Structures are given as structure tokens and as C-alpha cells.
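# Understanding the architecture of this molecule
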Amino acid sequence: MNVEKILTHLEKKHPGEVEYLQAVREVLETIEEVYNENPKYEEYKIIERLVEPDRILTFKVPWIDDQGNTQLNLGYRVEFNNAIGPYKGGLRFHPSVNLSILKFLGFEQIFKNSLTSLPMGGGKGGSDFDPKGKSDKEVMRFCQSFMTELVRLIGPDTDVPAGDIGVGGREIGYLFGYYKKLTRHHDGVLTGKGLNWGGSLIRPEATGFGGVYFVHHMLENAKIDIKCKRVAISGFGNVAWGAALKMTELGAKVVAISGPDGYILDEAGISGEKINYMLDLRASNQDIVAPYAQKFAGAKFFAGKKPWEAKCEIALPCATQNELNGDDAKLLVSNGCICVGEISNMGCTPEAIEFLQSKKILYAPGKAVNAGGVAVSGLEMTQNSAHLNWSAEEVDKKLFDIMTNIHVACIKYGTGKDGYVNYVKGANIAGFLKVADAMLDQGII
Ligand code: 2IT
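Throughout what follows, the structure given in this document is the object of discussion. Nothing here was measured: the structure is a model prediction, and the numbers come from that model.

This next bit is on the overall build of the protein chain. The number of helices and strands found in the protein chain is 17 helices and 12 strands. A compact globule built from 445 residues would reach a C-alpha radius of gyration of about 22 Å, and the protein chain, at 21 Å, matches this within 12%. Across its three principal axes, the protein chain shows a C-alpha extent of roughly 60 × 55 × 45 Å. The long-range share in the protein chain, meaning contacts at least 24 apart out of those at least 6 apart in sequence, stands at 72%. A total accessible area of about 17900 Å² is found for the protein chain, and carbon and sulfur atoms account for 53% of it. Of the charged side chains in the protein chain, 49 are positive and 54 negative; the average position of the first set lies 1 Å away from that of the second.

See below:
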């Protein structure tokens, strides 16, 4: 495989799709060696076939707001690869959504889902619709219009969407309700459902819990105790909430969380009711963390700043892509940071990753660290197919085992001669091999 040739070709074909090209480059550069070891990959053009989605559906989503005005958004579903299972991956509703972002997310999802060891292919979808500031009824009308088109593609054994940024329990409820009305099927077509209509226990916690299980393994492997370590987290949504809960439970101290408006530094530790307050903030529909400093004495709010300037040993990006850049990485390391566990998808820029790896900082990419979310979605699909529900303990134990196995796979394929683990390489190779071999088995399709 000639990485530069493939990328030059892709850049020409998909100009301006920067996030997608960034995600592809990272994978190609790290799998090159194993790829070239098996001539069949080249012969059957596995990479050329893997970097293009199987299909993309783009559609308009008209809806009527509370004032009676007609509104219009764009909707997408990118079905990337189904070699090892039905297309699986979330829906993102955010004004920044475009095809490049959904293609990067769908591409990453292939490897992430493969790492979970569950039978799930990769896909992603969403819309440039912004749920922030909308009423429940506006969100409902939007979701119903969105599902009118999405229904053409999805099914419990073909393509199973879930949540992502801007899509939580409320949106999944409206989407599921309309799917059910259109098809008359009550099945596992979406994950992240409500507990009394097919959802799985631990799904809300899964991404954060799984991320912390993974980080715990990274630290243990490096013989570092997690207790009393200071943790900085970006974001204050569902993922950050789960991460803060589990970090606190394991004895670490969460000192910073952030929102689009700035970050909160709370030297007393963000634990107990303060963690639940994150969800209240989110539910307020404002997308700001500033009120935290008014509610809890001693906490400070830094307007317009990122949490990476807070002194911490562990940094957990939990917000969005490219949220931690090269300068942030340098600042973190100069302040004593020893571990960056990316819980957001592609949270670190290539410059940040290069710097962290050059300093031998423990760093692992989103597709490994945040795989717990989609893993429990996979477990929700299993429960739906079997028409039963597992207990929280059962699901949590399975989640823990899955994260342990992903860590083992990263160590297997990512450990260098000096013992430093390149988790990017480990995750990409482990995720890729399974999908590539399945593609070989299934012929040119
Ligand atoms: O990025 C992700 O893995 C998710 N947003 C969760 C996807 C899923 O299908 O649960």
C-alpha cells in the first residue's frame, strides 16, 4: 500500500473533507506494515474499498416550529461497512454537522465496533439541526420528519442508529415512536432506548464507565495508581457525567469540567451531587457550565478557556473532535499530565498525538477508549433479539470484560521495542484485521 498515493487520490475525489481525510490518514499510517504483510489485501483492494462508504443517504428534513414557521435542515446516514455485522453507529444533531464529519465518524466506527468483539459494522448519521433552545414539541416534529426518510435504510439486522452529540433519550424516543408508527415493528432498530421499552441498563453510563475502565488499565499497565490523581474533563454531557462518576468511585479527584462557554475549576473535587448537577445543567437546554460556580462555593469559572490549562495528571476529552490541540498537549504535559484518555471521537489533533507520543505520555484514541458506549448498544441489540433484559451488574461486567479485551488487543499490536504502547497503532491494527479478513472471506462486493 502506498499511503500517500491513496490519500492524494482521496483528497482529489473528496476535496475539503478535512475530518474524513484526517481519520483515514491516521489509520493508513498505522496499519501500513501489517497491510503489506498480506498480499491478498492489496490484490483485493481492501483499503480502497474500506475508505469509501457502502452508501450515503442525504435528505431534506422540513418541519414546523412553534411559531408556525417552516424550517429546513439536512439529514444524512452514512453506511460505511457491514463486513462483520449490521451497520451500527450514532446520530449527531449539531449545527456543525456535514458530510466530512459524518464520514470521519462512520469510518472510525468500523474499527471501534470491530474492537468490541461484537458483530457490528460501522455507520453514522445525523443532521445540522440544533436541539439547543428548541421546545420538546419542536424536537418531536423534527425527529418525525427525519425518520420519514431514515426509515428507508434502517432495521434491527441492517442498520441500527443510536445517539451521539445532541441525540439523547428524548430524541431516540421520538425517533423510535415514529419508526414504530411507520413500520408497525417494535424491535431493536435503535439503541439508547428508554428502560421500559427495550433499553438496556448501564447504556447511559457506558461510554464514560468504559472509558474509565480503559484508562484504569492503561495506568495499571504502567504501574501507576489511579487514587488521588487529578482529572480534567471536557464536556458536561452524558459521557462526562459517566466518566466523573467512575473516576470518583475509583478514588481519583475530578477538578475540572467544561462547556462551550469556558471551564469550571473546583479544587474540592466534582463528586456526589455536583456530578448529577451536570445533568441538570445539560437539561436546562442552555449549553453553559457557568452556573456551576454560582451554585457551589469555592468553584471558579474561567470564561472562554479550555480545561487543559488546569493542573491535572489525567485528561479526558469528552466533548468533540479536535478539541485538544498541540499547544494544549504541551500545556498539559508541562503541568504534570501523565495520561490522556480520549473519550470523544478523534478528540486530539494529529499534532497533539505526535507530541504526547514523543514524550511517552500514556495516550489512547477514542475508538478504543470510548468503545464502551457502542458495546453496550450491541448488548442492547442482543437483549432485544432475545426479548429479555439483563441486570445492571450483568451488563456492567460484560462492559468491563469488553474494555479489558480491547486493552489487551492494543497492547498486543501496539507495544514497541522500548515497551511504550502506541495505542493508536494497536487499536487500528486490531480493529482492521478482523474487518479486512471478513471482507476477503466475502468476496468483491
Ligand atoms: O460514537 C459512538 O460510538 C456513539 N455515539 C455510540 C454509537 C452507538 O451505536 O451506540
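Still more ground to cover, so stick around.
What follows covers the packing of helix α2 (residues 18-37) against helix α5 (residues 99-115). Put simply, α2 and α5 touch, their axes get as near as 6 Å, and they point 25° apart. One element, α2, and the other, α5, form an angle in the roughly parallel class. Taken together, the residues of α5 that come into contact with α2 (itself represented by V18, E19, Y20, A23, V24, E26 and V27) are S100, I101, K103, F104, F107, E108 and F111.

We now examine the environment of I226. With respect to the secondary-structure elements, I226 resides in the loop between α8 (203-221) and β6 (230-233). Those residues in contact with I226 that lie beyond four places of it in its chain are H216, L219, M247, L250, G251, A252 and I314.

With that settled, the discussion passes to the nonpolar core. Most often, soluble globular proteins have nonpolar side chains that are buried together. With 62 residues, the main nonpolar core has F214, I233, M247, I257 and L316 as its most contacted residues. Considering each element in turn, this core owes the most residues, eight residues, to α8. Residue contacts for F214: discarding those within four places in its chain leaves A364, A368, V369, M403, I406, H407, C410 and Y423. In terms of nonpolar packing, the next biggest core, distinct from the first, is built from 40 residues, Y20, V27, V34 and F432 among them.

This brings us to unusual backbone geometry. At I202, a residue that is not glycine, the phi angle is positive and equals roughly 75°. Within the element layout of this structure, I202 appears in the loop between α7 (169-183) and α8. For I202, a relative accessible area of 11% corresponds to the buried category. The phi dihedral of H387 falls on the positive side, at around 55°, and the residue is not glycine. In this fold, H387 is placed in the loop between α15 (371-386) and α16 (392-414).

Here is what the cut-offs are and how they apply
Residues numbered from 1 in each chain as written. Predicted model: local features only at pLDDT ≥ 70, side-chain atom pairs only at ≥ 80, totals over all residues. Heavy atoms only, no water. Helix = DSSP H or I, 4+ residues; strand = E, 2+ residues; numbered from the N terminus. Rg over C-alpha atoms; globule rule 2.2 N^0.38 Å. Contact = heavy atoms within 4.5 Å. Areas by Shrake-Rupley, 256 points an atom, 1.4 Å probe, with all protein chains shown as cover. Lys, Arg positive; Asp, Glu negative; His and termini not counted. Charge placed at Lys NZ, Arg CZ, Asp CG, Glu CD. Axes fitted to C-alpha atoms, helices over the stretch in contact; angles between N-to-C directions. Parallel < 35°, antiparallel > 145°, perpendicular 65-115°, else oblique. Core = buried A, V, L, I, M, F, W, Y, C linked by side-chain atoms within 4.5 Å. Buried < 20%, exposed > 50% of the residue type's maximum accessible area, 1.4 Å probe, protein only.

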